[in-house]
Structure formats: C-alpha cells, structure tokens
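# Residue-level structure breakdown
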Amino acid sequence: MQGDGAGIVAGLAAREGRGIPPVNEFCRLRPRLRKPDFAGFFSYGSVGCCLLRSAPSEFSENELQPAGTCSSVVSPVSFFHKQVRKIDPSMSKAGSGVLKNRVFLPPHPNYLASSAIPREKAPGRSQGHGVEAGCAAEIPPKRHRRGEGTPASSRCMRRRRRPESPIWWSPAPASSGVEVEGGVALGVPFRGEFPPGGGFEGGMELNVPILSCSEVMERLKESQEMRSSDQQYLAMYSSISGGITTDPAAMVIPMDDHMVHRGHGVFDTATIEDGYLYELDNHLDRFLRSASMAKINLPFDLSSMRSILVQTVSASKCRKGSLRYWLSAGPGDFLLSSSGCHKSAFYAIVIHDQSPSNQKGVKVITSTIPIKSPQFAAMKSVNYLPNVLSKMEAEEHGAYVAIWLDDEGYIAEGPNMNVAFVTEQRELVMPHFDKILSGCTARRILVLAERLVLNGTLSRVGLCNMTVEEGKMVREMMLIGSGVLVKPILQWDESIIGDGKEGPVAQSLLDLLLEDMRSGPADVRTPVDLEPPIQRILLQVLGDLDTTFISDFMSSGSICRIISIGCSVL
Ligand SMILES: Cc1ncc(COP(=O)(O)O)c(C=O)c1O
C-alpha cells in the first residue's frame, strides 16, 4: 500500500471478481467519471461505497458530490443517507462522491449495468493492492414523520421501486479475493461469509466511535428514519422516563432491564378500533394474571396503569391500530434474580393499524416445535421463541401457522391465536384453556356465538378437547385471536377441512366480532380522547373571543364546525 494514497483505491470489483483497481487506474478513469456520469451511479435503492483511507490528492472534496455538502460523516451509511436527502431530484440517480478522505463508488454490478457509465468503462481488473474496504448497500427510502414536509428528493425516491432485499458487502481485503455477499458491515445485518481470518482483519479498520448522549440520539433518529418498514410507532410510554414520547427514536428500553436479557417480563395488547380500545379490561385482567405468575410486582395500581394506557393512545391520535404493553422485572443488573432490580417497569406502545388484509382461508400444519408447558403457555410472557419458531416452521412449509398439540395429544392452539371447530353436529367448540393461553377474542366469540345458537345456525357452544383425527373431520376450523380476528382454515397438513372453502359460521363469527368492535356494549369498548375536548375549545372561543384563535381555526377550516356545535350548545 503506498503511503501517498495512490495505492488505496475504491473498487467495483468484488461481485464479478474483477479485482480492485489501484488508484492510478482510478485516476485514469476519472475524466470519465464526471459529475453527470456519477449522476448515473446512484439510485436510492442501490448504492455502493468504498472507503479510501487517504484519497488521491486530485480529488477535491466536492468534486464528486452531486448536490449539497456534507460537513461530517459518521459512517458510509449515514453519508449515503444524507446524500439521499440532499440529492437534487433532477439528478435522480445521482449520488456518489468523495467526502473528506473517502471515495464512494458503486461496486454492485446490477447497479453498474443500469448506470450511466457503461460496464466496460468501469475500472477493470487490477492487482488489487491496498484496498481498505468496500461495501455496497441498498438504502431504504427515508420515511417522514407525520406533519413534516416531504423533501422533493424523497418524493422522487418514493416513486421508484423498492429494493428487493438489502445487500451488503463486508469490508474485505482486496488480496483475499473473497467475495462477501452481504454483511454486518458497520452494524448492518449481514448475509454470507466473512473473508478468511475473521472478516475485518486486514480490511477496514473498524473505528467504533465513542458517542455523546446527543450523538447517540442523533444516530438513533437516523437509524429510525432509514428503516424500510412502513410500520408507524405513534406513541410510547415508559415508566423509566415517566412520560410519553411520539418520537420513534426515543422509544427505547434500558439494556439492563431483565425483560431484555432474561425474558423476565409479560405483555398484552388491545385493539384500537375507531378511537375505542376493544376489550381493554379483559386484556388487563390477563396481564395482571401473567404478572402474578411471573412474580412481577405492579409499579402502579391497576387504575393508574389503565389511565396511562388510555393517555398513551390519546397522545398517539391513533383511531385504528394496536396498543401493546409490557410489565418487566425492571432495570437493575445482569443477574438472574430480579432482587437487584430497582422497580418493575411498565412500557406501552401504540402501533398504527396492522389489521389482517383479508379473511381468506389458510393452510396450517402440525407444529414439530414443542409446545410450552402449561405453566408457561397460560402466561403471556415475553418468551415467545417457541411461538416464533413454530410460525417460521409453518412459513417454511407454505402454511400460515403451525398448530400445537398438548402433552396428551389434544389440539391446543396456534402460536398467537386460538383454534375453534364447527363439528358435524353444528357445535362450536374450542379446546379448554387450562394448558394454553386464555384468548380474549376466543372468550368473546364464545359469548357472541350464543346468538348463532339462538338463530339455529349452531346447536351449542362450548369447550371440548379434541384429537387431531377429530379435528380434521370437522365442518369448519378457524383461527381466533386479536391479530387474525376469525380466519378460516381450509387445509390442515394433507387434510382438507370441510369442503375446502371458507365456511358460513366463520363468516358469521367474524361479522359478529367486527360489529362488537365497532358498536358493542360499553364494557368492551373504552373511549379514548383523540382530539382536544370540544367543550374546552368552545369555552375559549365563546369566552375569550380571541380573534387570533378564531382566525387560526378559520384558516384550518374548523370554525364552521365549532360555531355550529357552539350554537346548538347555546
Ligand atoms: C399463544 C397465544 N394464544 C392465543 C392468543 C390469542 O389471544 P387474544 O385473543 O387475546 O389475542 C395469543 C395472542 O397473542 C397467543 O399469543
């Protein structure tokens, strides 16, 4: 490696084994790599970078930067992220460059293929000396928080195709000649093999920065913004901070919380439907039972916890979504016992709607992952690894979920839902809840289904343990839970259930449940204030007659509504 940096060069090499070009090769190509050419090098979904320890002197800092100037760069990832945001939308594919002592180039061959620079003009085979590091990444589009303006660059990006999957190259020494497909380069998930010798040895020297609290927050925000998921986290309460935040970057829990490193925590959920929390109290009852089984003391009394949950939903302004909450042994130490934990911790988060896209019937299989013992299955603790593996097993077999059998061979439940059957005698039956989770939705369905007994659709509703053979002979089989609501099962392993079509009882139960969620009795629907109380607004308008206030409302279009309500109140 030459000391002047001439031997340290970014490469396009790895993917096609073309080697990493030395810097003189790179410099020779430089006239062709003018700014407009580089404009072809970058797309939001596919960028590449290589790091130069010391850039060739003829590269000026701004030379290859298409738009804007980054004054600092914390990592290539954040550099690209910044670039994505700063790119002039007219240079829609722009975005490669040199920043301080780093050169960024796209080593992704697909990328080259679609870039403005013909493939053959890209730097070719070389001796590959002195390459410090190379990585390529697919950068997800930046998401914007509600209420924020959307930069033109981002709007432009959004129209483009999303990356199929992220691809990362790990830092690899050129001399190793080892191609790495994907990697945990710079803290990003990694697929594939590391080069011999541990991956980073002889490659890029991984300089892990020591960050101040504000830098950590800044990075958390960046990392949050870079997530490709469309999932919106609208509000979070934490008893550690003692408040609610609507900033997803601040939705964190302490590392030494025993729920994190020991799984000593319980959780529950409640659906938010049209501004109401559905079955909150039943879920809270189960939450407290789980807490007691897990020997976790409540940090507050039940009514305070309930009020915190309602206020968190209120702060989220979410009309349709899901509330999830956890009780943990709390932060303390890294021992097993929670005796060193200062106080149990309570967390809650509001997630935007993730309701099932359709109620079409599905296939299930019998799980080979062992079911949890009754003591743990009946408790909604955070130990969901068996449930996760069971779901993954199903997906690997082209099924929706895998069904567990209990220790006696009776049908138990799914990984996050209960099961129900309609027998030949038109009975709606579910397994007893003593060895499985007592599902709030399943229990509510048992109540609602009485209406189908009254109208003659069903002969009876009840609990009954069934064998697999019996289960496969039924008229209808369905999954029931607050996530799936009611989902018909059309096939179990190789057996077709009923006539292999979605059955009428499953449909009727779904309709009853949806109606209950939208207009059921007060004991299953807890209202949440999602807007400032209208009385407060009216008092202000009518009492103060503050013209600024009124004109604000006029411009927001709300004044007509307020005045008409105000008149009727007066
Ligand atoms: C193992 C298990 N069974 C059943 C259910 C269904 O319970 P619920 O109807 O309260 O959502 C769940 C819910 O997450 C679950 O995790």
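Scroll up to find the structure this text is about.
Attention in this report is confined to the structure presented alongside it.

Rules and cut-offs
Residues numbered from 1 in each chain as written. Predicted model: local features only at pLDDT ≥ 70, side-chain atom pairs only at ≥ 80, totals over all residues. Heavy atoms only, no water. Helix = DSSP H or I, 4+ residues; strand = E, 2+ residues; numbered from the N terminus. Buried < 20%, exposed > 50% of the residue type's maximum accessible area, 1.4 Å probe, protein only. Contact = heavy atoms within 4.5 Å. Areas by Shrake-Rupley, 256 points an atom, 1.4 Å probe, with all protein chains shown as cover. Axes fitted to C-alpha atoms, helices over the stretch in contact; angles between N-to-C directions. Parallel < 35°, antiparallel > 145°, perpendicular 65-115°, else oblique. Left-handed = near helix turned anticlockwise from the far one by under 90°. Pairing = 2+ DSSP bridges. Phe/Tyr/Trp six-rings, centres within 6.5 Å; stacked < 30°, edge-to-face > 60°. Lys NZ or Arg CZ within 6 Å of the ring centre and 35° of its normal. Core = buried A, V, L, I, M, F, W, Y, C linked by side-chain atoms within 4.5 Å.

So, on to the overall build of the protein. Across its full length, the protein holds 18 helices and 19 strands. By the burial criterion, 50% of the 570 residues in the protein qualify as buried. Restricting the contact set of the protein to residue pairs at least 6 apart, pairs at least 24 apart contribute 71%. Within the structure as shown, the protein displays about 26900 Å² of accessible surface, and the carbon and sulfur contribution to it stands at 53%.

Direction vectors running N to C along helix α8 (residues 280-293) and helix α9 (residues 302-316) enclose 125 degrees, while the axes themselves pass 12 Å from each other. Judged on the interaxial angle alone, α9 and α8 are oblique. In the crossing of α8 with α9, the sense of the turn from one axis to the other is right-handed. Counted together, Leu280, Asp281, Leu284, Phe287 and Leu288 of α8 and Leu302, Met305, Arg306, Leu309 and Val310 of α9 form the full contact between these two elements.

One open sheet holds the seven strands; their spatial order is β6-β5-β10-β9-β7-β8-β19, and the pairing between them is antiparallel. Of all the strands in the sheet, just β6 (243-245) and β19 (525-527) have a single pairing partner and so form its edges. Going across the sheet, the axis of each strand differs from the next one's by a mean of 25 degrees, ignoring polarity. The strands touched by α8 within the sheet are β7 (265-273), β8 (276-278), β9 (321-328), β10 (345-352) and β19, with β7 carrying the most contacts at an inclination of about 175 degrees. Each of β5 (233-238), β6, β7, β8, β9, β10 and β19 is contacted by α9, which is oriented at about 30 degrees to β10, the strand it contacts most.

Tallied over the full model, the rule gives four aromatic pairs. Ring centres of Phe287 and Tyr325 lie 4.9 Å apart, and the angle between their planes is 85 degrees; this geometry places the pair in the edge-to-face category. Placement of the pair is Phe287 in helix α8 and Tyr325 in strand β9, with a sequence separation of 38 residues. The pair formed by Phe287 and Tyr325 is uniform in burial state, with each residue classed as buried. Its guanidinium or amino end placed over the ring of Tyr400, Lys487 lies 5.2 Å from that ring's centre, counting from NZ or CZ.

Formed by 29 residues in total, the largest nonpolar core has its most connected members in Leu428, Met478, Val486 and Leu509. Listing elements by their share of this core, those giving two or more residues are β13 (418-422), β14 (427-430), α12 (440-448), β16 (476-481), β17 (485-492) and α15 (504-519). When residues of this core are assigned to their parent elements, the largest contribution, seven residues, is made by α15. The residues touching Met478, leaving out its near neighbours within four places in the chain, are Asn418, Val419, Ala420, Val422, Leu428, Val486, Lys487, Pro488, Ile489, Ala506 and Leu509.

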